[in-house]
Structures are given as structure tokens and as C-alpha cells.
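Structural features, examined
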Amino acid sequence: MDLAALLAGRGPTNPASQEERQGLYPPVMEVPRATHLVTGATGFIGGALVAELLQRTRDAIVVVVRGENDAAAEARFHAAFAVACRAYQLGEGVLDEARRRCRVVAGDITAPGLGVERHPNVVGPIDQFWHSAASLRYEDRYRVEIRNTNVAGTVHALELASQLGARCFNYVSTAYVAGTRTGEILETAAGEARTNNEYERSKCDAEALLAAAPDGMRVRLIRPSVVIGHSRTRAATSFSGFYGALRQFAQFGGLLERMQPGLVQTSLRLGAAADVTINLIPVDRVAAELVDLAERDAPAGVYHLTHRRPPTVGAVVRRMFAELGFAEPVFSGEDREGFTYLERKLDQQLRFFRSYMGTEKLFDRTRVDGVLGADAAPDVDLDDAEITAHVRWYLGVLRSERANLPVAR
Amino acid sequence: MSAPVFIVGTGRCGSTLLSNAIRVHPRLASLSEMLTTATDLGGRIAACFDAGPVTADALATLLLVPPPKQTLMHRNGVSMDEVLYRPGGSARFSAETGVPAILQTTLPHLAGGPGADPAEATLAADAVFDEVARFVRTRPPAPMAAHLAALFAWLARRFDRSRWVERSGGSLRIVQRLADAFPDARFVHLVRDGRDVARSMSRHAGFKLMFIAAALTEILGVDPFESADRRYAGDIPDELAGFLPEAFDAAAFHAYRAPLALCGLYWSGEILAGTRALAALPPDRVLTLRYEALAARPSDELHRLAGFIDPEPVDGAWLARAAAMVRPPAPRPATDPATQRELDQACASGLAVIETLS
């Protein structure tokens, strides 16, 4: 099928039948009614989104991916997508669909119009523009990269969306643009929220920039919380957030073990509040709700893709410590008075995660649930067993990667 | 050749003094820092104790090829005091080429002789290097321990000594491996108050780099001096990013001080694990010396050392010469009370153990 045909037509997404979604028989070849453009498709949410679109619609998908040329970008996308499909046990059918329906073009988030404005395979109209490419870095030395990717990158994405006459611009932001606010967080503009770090600041600024979208372009600010692995396989393809914190605990434990065998059995105080919640959401749930919003032609505005019954920081950290073989921590909240060297060291190592483990944020989902209505799927229970399963999955990955670390003795 | 003798300690415990004393002994070959340099400050421990068979090429890589961490140190002018080789000038190796492990300290210490200045010792070591290289490159495949034992015996013969004594700073951490690899080895364990050790470690280039490398290794999931894999570079905190080999900031390294509490915890850990390994050996194969006693009564303690190593009667002239090398320890610098308290706590478990050593 030629690309012009793929890109022809517009309207809401084109749902596949229930049987097709279950893979009972291959989708019918027909001219798609809708076209999506996805940035960040080699990333965690972007990859899951493409998989969801391929399974639930017959739509065409233009994927803009980093690469020296289209061939390199295509290879990179399909390699990353194969990893995602394996992780989520999606089967060969989805990979075949990706090869058939995804048109991959080499682009650059830091370039005006993503560097694809005159690309022959990127022509409008686009129905759903999904901007999920982002830098998840947080250390100060990455400030320029964070700003270039998350802020300038969004400007460039909006330029391209405008040029292509995109009907909807779906910006994958973060629930944590709430910054330092506590309590109930509504699905409203972030405004002048004080942020905890450069990452949050960049996402806030990017959201604000989208006010400049052309009249008629529907802008959805979609804010997932902390995205974790697939609810069925627990596998993930990107390891920030929940995984970053777990990895930092593992790194800390590894260093202690190098310094003094058994030191991880020292009970440590942790500058975190055990009883506040940390909002975790499986990646498949995020992808499903992203497509739900598009399918239901959700109006412009803010949407929280968050868990309705999130676990507490205490539950999550205790499971992490237990699986790492650490002594159970003592949660000291904001009180760091008299911290020992090891406690200070741990606190310093977790400085990026501190703000997510110390204060309560209750994310309102009224707008999302209003759109999804009675069809909204129930949340997966994130009880101790489920958290343990996610922790174990990632520790397995880490341990296999670190099997050949040099010995200390 | 008689049973191997290793002098082990936590590092910064005064053991270099013992190597210097042994160097002037008429019958003993002093092999200084061979294991520290061959393991590249601990990064290559597994390779140095490979049960093999290890080929001559692999052995040469460890001994005759400049190792990455020590090369970085030479290139950035942050070498340890223990390194006797002076690269550049008329020396065979420059800071840019790096210096093979065996040339860093071991050969200059052996070949230079007690009175040699570092430049003379460097040239003397260079003159022996080709002979060593020939020996290494013609070794048949064997376990690393067999290679090392053969090399050490060859070096002793080359320098007209009847037995060898290897001493490497910080080798207590590999004492279990030494005991396993050299089943008849005898050990001199030099202990020193951990609080003094920690203060010294905190400022010592080798230990600073060792602590930094340990942290970077745990963060990156690879040894950054051996691997270019940087997939987890984003996890490196800003304060450590300047110590990656590709971005090494020599001024920041000079200014860096390893936290005293960390040094104290490390010292305690080494004492706990090392003394456990030594306690499993027959008592007549272990001699414990205390640095504080050595400083206070050098003749007595060096007499004990010589008697343990060499069955021949202790050479009086050697004893006098060696004892004269011992200098009183520098006074302890002032430490603020909170830091001192943390250091005391960090060293408590190790201090409790060395109290029990006879």
C-alpha cells in the first residue's frame, strides 16, 4: 500500500474489531481512516502506544525516530519495538503489523519541525499527533539536554503538527508537573507550580508552550504518573522513575558490600514518609488510556493517567529493601537530623526521588473517567505481591547485566 | 625456594616501611606493590587469581602492558607516592604511554637499590624490564599463582636473594585468595589503628581512586576503566562525573577527600574479613605486627619480622640499618567532634577485632 493512500482520509481513530484485537484473525486490509504521528516510539510509553494503536486500530502510523537516515531510523525503531513486543508478550502479529503500517522517518527532536518538515513521507493531514519523546535525565549537567529535548523539542513538535494540520496534539507530560504542590491535584493547568527539579520544570514549560497551538488544534495534556512495567508480564523497556530508585538502592547496596561485607544489614533511616502514596501506573494501562482518549475524541485539556489506589512509599520501599537483602529502613520523613554518614549518603543518592517519597499527592481523574465512563477498566491491584513481582523482574535484569562486575576481594 | 611470604594489611598501615626494611636485607628479595599494580588498584583481582590455564599473553597483559587506572594517574599527574617509576625524560615509558604494572614500583624498588633516587631507580628498572618480559612471554600456560610464584622466584634469583617477600598496600582484601592460591604461604599482618589509617586513606591518591572507581562501577554496572559501556551514565551524580576516565578532572581529584567515615567503614570491613581468613590458618603461619609497636620499638618488632620470615639468625647489621628507617608517626590532625564521632563509630568493629589479635 502506498503512503499517499495510507495518509489519506481523516477523522477519529479507526477501531479494529474485538476479534482482530484478540488476534483471532488478521486485520482486514483497507484504507485507514486515520493517521497518527508518534514521537518517542522507541521509548517506554511511545512503544507501548504504537503497540496499542496497532492492536486496536487499522490506522496508519508515522513514526519519527532518531537516526542518520530513514533506513537507520527504521532499523532502530523495529529493534526497539521488537524488544517491547517481547517484553509484553505481544506475538509476531503485532510486529508484522508494525512493518506493514508504520512508516519510519529519521528526525531530530532538537531540530525545527523535527527535521522532517519537507520529508516526502511526512505529509498531512495528521489526525492524532502523539508527542512522547522526552529526556528523563535529571542531573544538573544534563540541563541543556533536558531543555533542548523537552522544551525546544515540544516547540519543534508543535511546529510540525501545525504544518501538517494535525487535528489533535497529544502531549505526554507527567503528573508530577504538580511540582511541590501537595494534597489533591486537579486536572488543570500547572500554572506557576514550583517544581522539584529540571525535569519537572521542563515538562511544565512545555505544557505552557502548547497554549500557542493554532486555533482548531485540539491539545491534550496527558499526564501519566510513575510508569512501571506491563501489568501482565511486569516487563519494562525503560528504567527511570520506579526503576531508577530501585537501581539507586541496588547501587548503594553494592557499594556498601564493596566497602564492608554485610553492611547492608545495618538498619538505616530514610528521608521518606512511609504513609504517603507513590502513584505507579503500568505501561499497558497508560497506552490503553491514551488510545481510549483518542477513540472517544476527548476534548482538549488535562488528563491524569494515574492509579486510583496507589501504594504507599512505605510499601514500595520495604519491598525493594527486602528483595535487595537490606535491613528494613526506618522512615524519618523530612527529619534528617542526626543522620549517620551512610544515611546521608543514601539520602544524597536519592535526592532526585526525595520529592516523590516525602509528600502526598492525590491525583484527581475526574476528566479521564468522565471521558472513559463506565468502560474504564479497573486498576490492577498494586499490593505487596504485585510490587514484589515488579521489583523482582527488574532486579533480575540488573543482576544479569552485572554478572561480570569486578570483584572487590 | 622456601614457602612464600606475603605481608598484608589494609593499606596506609605503614607496610611500605617493611618493604624498605626488607630491601636492605642480605638474603631477602623485597617485592613491593606487585599485587597492587598487577590488579590495577583492585580492578583486576579475578584475573590475577585466575586458576587458569593462563597464557603468556594474558600474563603479559597484566604485568607488561600499562594498566588503565594507573595510566590515567600518570597522565594526570596524580600518581601515588609508592610509585617509584618516573616516566618521561630518558625513561623507556612516558606518562602518555603509561607504565607497565611491574615497572610502577616492583622493579625500581628491586633494581634501584636503597640509595637510588627515583630517576636512577627508573633507569635500573628499565634495564631489567626486557629480561622480565622474556621470562613472562616464554611461560607455558599455567594458573596465575604458578606464574606469580615462578616470576617471584626468578626475580629473587636475579637479584641474588634466597627467598622473596611480597608486600602490597591493601592486600588484606585478597588474603583469602592468597591463602587459597599459595597453600603453604605464610603471612605477616601489619595492623594499625583504623582511625589513623582512615585519615591517610582519605588523602591518598590510590585509595581515593579506588573509592571513586568502586562507586562508578556500582553505578555503571561495569568497571569504567575497563569498559566503555555508559548506558547508566545518567545515574552518575554530578560530583563523580568528573572522575570518569574520559572526563577526568585532575584538579577536582586533587581536591577530593574520601569521606573519613567511608574510609573507616572500609578499614573495618577489611579487618573483619581479613582476620577471619587469617584465623583459619595454622597460627605458626601468621605473624601479627602492630604499626604503633613498630614505631615505638623498631628493633624488637623488626627482629620478630625477620625471625618469622627467615630461619637464619637475624643479621645484626641489617637490624640496625632497618630500625634506623623507622620514623615516629606524624601527630594526628585535629578533627571536628562530629566527624571524629563518625570515624570512631565506623572503626569500632575493626578496632574491637584487632584488640583480640595476639
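Note that the coordinates shown come from a computational prediction; the quantities given were computed from them, not determined experimentally.

Residue and element names in this part refer to chain A. In the contact formed by helix H6 (residues 143-163) and helix H7 (residues 198-209), the axes pass within 9 Å of each other and the chain directions differ by 20 degrees. Considering the angle they form, H6 stands roughly parallel to H7. With respect to the hand of their crossing, H6 and H7 are arranged in right-handed fashion. Here Arg143, Ile146, Arg147, Asn150, Val151, Thr154 and Val155 of H6 come into contact with H7, specifically with Glu198, Tyr199, Ser202, Lys203, Asp205, Ala206 and Leu209. Partitioning the contact of H6 with H7 into residue classes produces 6 nonpolar, 3 polar and 5 charged.

Our next topic: the domain arrangement of chain A. Residues and elements named next belong to chain A. What the domain assignment lists for chain A is domain 1 (3-230 + 279-305) and domain 2 (242-278 + 310-360 + 383-399). A separation of 32 Å is found between the C-alpha centroids of domain 1 and domain 2. The partner domain 2 presents 11 residues to the 10 residues of domain 1 that form the contact. A breakdown of the residues in the side of domain 1 that touches domain 2 according to their chemical character gives 4 nonpolar, 6 polar and no charged.

So, about the interface of chain B and chain A. If you look at the interface, chain B gives 27 residues, while chain A gives 22 residues. Mapped onto the side of chain B that touches chain A, the elements with two or more residues apiece are helix H3 (45-48), helix H12 (205-220), helix H13 (238-241) and helix H15 (260-279) of chain B. Looking at the side of chain B that touches chain A, the element that brings in the most residues is H15 of chain B, giving 7 residues. Among the residues making up the side of chain B that touches chain A, the classes are represented as 14 nonpolar, 7 polar and 6 charged.

All names here are of chain A. Sheet architecture is open: 7 strands sit in the order S3-S2-S1-S4-S5-S7-S11, paired in parallel fashion. Each of the sheet's edge strands pairs with one partner strand only, and the pair in question is strand S3 (102-106) and strand S11 (301-305). With direction set aside, neighbouring strand axes in the sheet form an average angle of 20 degrees. Across the face of the sheet, helix H9 (residues 283-295) comes into contact with strand S4 (128-131), strand S5 (168-172), strand S7 (218-224) and S11 while running at roughly 160 degrees to S7.

Here the focus is helix H8 (residues 118-137) of chain B. Note on helix geometry: an α-helix contains 3.6 residues per turn, so any two residues three or four positions apart are oriented the same way. Residue and element names in this part refer to chain B. End to end, H8 covers 27 Å across 20 residues, agreeing with the expected 28 Å (1.5 Å per residue, within 8%). The sharpest bend along H8 comes to roughly 35 degrees, located at valine 128. Of all the residues in H8, the buried ones are Ala121, Thr122, Ala125, Val132 and Val136. Next to the buried residues of H8 lie helix H4 (56-63), helix H6 (101-104), helix H7 (106-112) and helix H9 (144-158).

Among the nonpolar cores identified, the biggest contains 215 residues, and Val50, Ala51, Val63 and Ala287 of chain A are the most heavily contacted of them. Broken down by element, this core gets its largest block of residues, 11 residues, from H12 of chain B. Both domain 1 (3-230 + 279-305) and domain 2 (242-278 + 310-360 + 383-399) of chain A contribute no fewer than three residues apiece to this core. Alanine 287 of chain A has contacts with Ile45, Ala48, Leu49, Ala51 and Glu52 of chain A, leaving out every residue within four places of it along the chain. One finds Ala175, Tyr176, Val177 and Phe363 of chain A within the second-largest nonpolar core, a separate group that totals 8 residues.

Our next topic: the environment of leucine 244 of chain B. Residues and elements named next belong to chain B. Residue position: leucine 244 is located in the loop between H13 and helix H14 (250-255). The spatial distance from the C-alpha of leucine 244 to the C-alpha of phenylalanine 225 is 8.0 Å, given a sequence separation of 19 residues. Setting aside residues no more than four positions away along its own chain, leucine 244 makes contact with Leu216 and Pro224.

Time to look at the sheet that holds strand S2 (residues 28-32) of chain B. Residues and elements named next belong to chain B. Ordered in space as S2-S3-S1-S4-S5, the 5 strands form an open sheet in which the pairing is parallel. In this open sheet, the two edge strands, each paired with only one partner strand, are S2 and strand S5 (286-290). Taken over all neighbouring pairs, the strand axes of this sheet differ in orientation by 20 degrees on average, direction set aside. Examined bridge by bridge, strand S4 (residues 186-191) and S5 share 5 bridges and lie parallel to one another. For valine 191, the partnering residue across the bridge sits in S5 and is arginine 290.

The rules behind each value
Residues numbered from 1 in each chain as written. Chains lettered and ligands numbered in written order. Predicted model: local features only at pLDDT ≥ 70, side-chain atom pairs only at ≥ 80, totals over all residues. Axes fitted to C-alpha atoms, helices over the stretch in contact; angles between N-to-C directions. Helix = DSSP H or I, 4+ residues; strand = E, 2+ residues; numbered from the N terminus. Parallel < 35°, antiparallel > 145°, perpendicular 65-115°, else oblique. Left-handed = near helix turned anticlockwise from the far one by under 90°. Contact = placed C-beta atoms within 7 Å. Nonpolar A, V, L, I, M, F, W, Y, C, P; charged D, E, K, R; others polar. Domains from an automatic or database assignment. Pairing = 2+ DSSP bridges. Expected span 1.5 Å × (residues − 1). Bend = angle between axes of the 7 residues up to and from the residue. Buried ≥ 20, exposed ≤ 12 C-beta atoms within 10 Å, placed from the backbone. Core = buried A, V, L, I, M, F, W, Y, C linked by C-beta atoms within 7 Å.

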